[in-house]
Amino acid sequence: MGIVVVEICDGNAITTLDIESIIETEFPEVAVLMNECLSFCGLCALRPYALVNNKRVSAKTPEECLDKIREQIKKELAVYQ
């Protein structure tokens, strides 16, 4: 498993993108976990989001959220460089 974990709720709008494949291809040291529920039901219904090392990342669109996820991953990885 990677040193950065991205958790995605499978009922969230971000799943319109192949987020698991995109992230794991760009960042081999990152593990993407798809979960049935992350217990953020209010947020899940409102906007795309993910947890990056337990930090919530959300945006208005799946594409914008993906960009924010990438930014957060880079911040998390910077600790190890």
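In case you missed it, the structure is sitting above this.
First, a word on what this report is: a plain description of the structure on this page.

**Section: the sheet that holds strand 4 (residues 55–58)**
Next, step 1: Across the sheet, which stays open at both edges, the four strands sit in the order 2-1-3-4 with mixed pairing between neighbours. Where the open sheet ends on each side, the last strands, each with one partner, are strand 2 (30–35) and strand 4. Strand-to-strand twist in this sheet, taken as the mean axis angle between neighbours without regard to direction, amounts to 25°.
Next, step 2: Alignment of strand 1 (residues 4–9) against strand 2, held across six bridges, turns out to be parallel. The residue of strand 2 that forms the bridge with Val6 is Val32.
Next, step 3: Seen against the sheet, helix 1 (residues 19–26) touches strand 1 and strand 2 and runs at an angle of roughly 165° to strand 2.

So, how was this worked out
Residues numbered from 1 in each chain as written. Predicted model: local features only at pLDDT ≥ 70, side-chain atom pairs only at ≥ 80, totals over all residues. Heavy atoms only, no water. Pairing = 2+ DSSP bridges. Helix = DSSP H or I, 4+ residues; strand = E, 2+ residues; numbered from the N terminus. Axes fitted to C-alpha atoms, helices over the stretch in contact; angles between N-to-C directions. Contact = heavy atoms within 4.5 Å.

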